Amino acid sequence: MSDSENTEPVLLEPPVAGSEADTLVGSLERQRRILAWKCEGLDAAALNTRLAPSTLTLGGLLKHLALVEDEYLTRRLLGKPLGAPWDTVDWDAEPDWEWRSAASDTPEQLYGLWEAAVARSRAHVRQALAEGGPDRLVAYTSARGESPSLRHIFVDLIEEYARHVGQADLIRESIDGRVGEDPPR
């Protein structure tokens, strides 16, 4: 997994004394980088490893976080419909589809799905920041009629990644002993 197709440099860490937008983007990018490191180089069997009693797998985490990226930074942020594979799922009948179906996907499919979602998200974030920064309201409106700011979306995503990166850390350690939070630069 790499960012080689991305034409802009990706922040590896939040800046020590940067702007609010740079700090939020840097924090999210750090979580993405850690997840990528925890999942890199694994075959299908390793991506399907789980720690009992949990059913979580690294493959499931990749697919779930690809959905989260598209849900928050495509649908909620910009109001755009979700594309493949999300647009063909009956979410009422299969609310955990991404978790369950990941076991049938190849490592290349899982890595590719997550990388493509992250690339779309980065482009959408650049657009949104140019249109109003962290204060910009998103297209999504809650049942209470509230539209969160881009800042709120960032915080939700950082929390989502941080929780799942912790789970990924435990699963990866059980596979080959890889531990830590900072991949080699």
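- An unreviewed UniProt entry annotates the protein as DinB family protein originating from Streptomyces sp. 900129855.

A closer look at the overall build of the protein
For step 1, the next point in the chain: Of the regular secondary structure elements, the protein holds six helices and zero strands.
For step 2, the next point in the chain: Secondary structure elements in the protein, listed N-terminal to C-terminal, are α-α-α-α-α-α.
For step 3, the next point in the chain: The C-alpha atoms of the protein give 16 Å as radius of gyration, which agrees with the globular expectation for 185 residues (16 Å, within 12%).
For step 4, the next point in the chain: Evaluated residue by residue, the protein yields a buried proportion of 44% over its 185 residues.
For step 5, the next point in the chain: Contacts in the protein between residues far apart in sequence, at least 24 positions, make up 69% of those at least 6 positions apart.
For step 6, the next point in the chain: As displayed, the protein has an accessible area near 9400 Å², and 53% of this comes from carbon and sulfur atoms.

Quick look at the packing of aromatic side chains
For step 1, the next point in the chain: Taken as a whole, this structure holds two aromatic pairs when the rule is applied.
For step 2, the next point in the chain: Look at Trp86 and Trp97: their rings are 6.1 Å apart centre to centre, the planes differ by 90 degrees, and that puts the pair in the edge-to-face class. Remark: Trp97 occurs in helix 4 (residues 97-101) and Trp86 occurs in the loop between helix 3 (58-78) and helix 4; sequence separation between them is eleven residues.
For step 3, the next point in the chain: Residue classification places Trp86 among the buried residues on the basis of a relative accessible area of 2%.
For step 4, the next point in the chain: Ring geometry for Trp91 against Trp97: centres 6.0 Å apart, planes inclined by 90 degrees, an arrangement best described as edge-to-face.
For step 5, the next point in the chain: You can call Trp97 buried: its relative accessible area is 15%.
For step 6, the next point in the chain: One aromatic cluster is present, formed by Trp86, Trp91 and Trp97 through successive ring pairs.

Looking at the environment of Ala93
For step 1, the next point in the chain: Assignment of secondary structure puts Ala93 in the loop between helix 3 and helix 4.
For step 2, the next point in the chain: Separated by 39 residues in sequence, Ala93 and Gly132 place their C-alpha atoms 38 Å apart.

Examining the nonpolar core
For step 1, the next point in the chain: Counting residues in each nonpolar core, the largest one holds 45 residues, and the members touching the most others are Leu35, Leu58, Leu62 and Trp114.
For step 2, the next point in the chain: Setting aside chain neighbours within four positions, we find Leu35 in contact with Leu62, Leu65, Trp114, Tyr161, Val165 and Ala168.

Overview of the side chain of Asp70
For step 1, the next point in the chain: Note on placement: Asp70 falls in helix 3.
For step 2, the next point in the chain: Here Arg120 takes part through its side chain, which lies 2.8 Å from a polar atom of the side chain of Asp70.
For step 3, the next point in the chain: Among residues more than four places away in sequence, those in contact with Asp70 are Arg75, Leu82, Trp86, Ala117 and Arg120.

Observations regarding the environment of Arg32
For step 1, the next point in the chain: For Arg32, the position within the fold is in helix 1 (residues 20-39).
For step 2, the next point in the chain: Distance from Arg32 to Leu65, taken between C-alpha atoms, is 9.4 Å for residues 33 residues apart in sequence.
For step 3, the next point in the chain: Apart from residues no more than four positions distant in its own chain, Arg32 is found in contact with Glu69, Leu73, Trp114, Val118, Ser121, Arg122 and Tyr161.

What counts and how
- Residues numbered from 1 in each chain as written.
- Predicted model: local features only at pLDDT ≥ 70, side-chain atom pairs only at ≥ 80, totals over all residues.
- Heavy atoms only, no water.
- Helix = DSSP H or I, 4+ residues; strand = E, 2+ residues; numbered from the N terminus.
- Rg over C-alpha atoms; globule rule 2.2 N^0.38 Å.
- Buried < 20%, exposed > 50% of the residue type's maximum accessible area, 1.4 Å probe, protein only.
- Contact = heavy atoms within 4.5 Å.
- Areas by Shrake-Rupley, 256 points an atom, 1.4 Å probe, with all protein chains shown as cover.
- Phe/Tyr/Trp six-rings, centres within 6.5 Å; stacked < 30°, edge-to-face > 60°.
- Core = buried A, V, L, I, M, F, W, Y, C linked by side-chain atoms within 4.5 Å.
- Polar contact = N/O pair within 3.5 Å; in protein donor to acceptor, adjacent residues only side chain to side chain.

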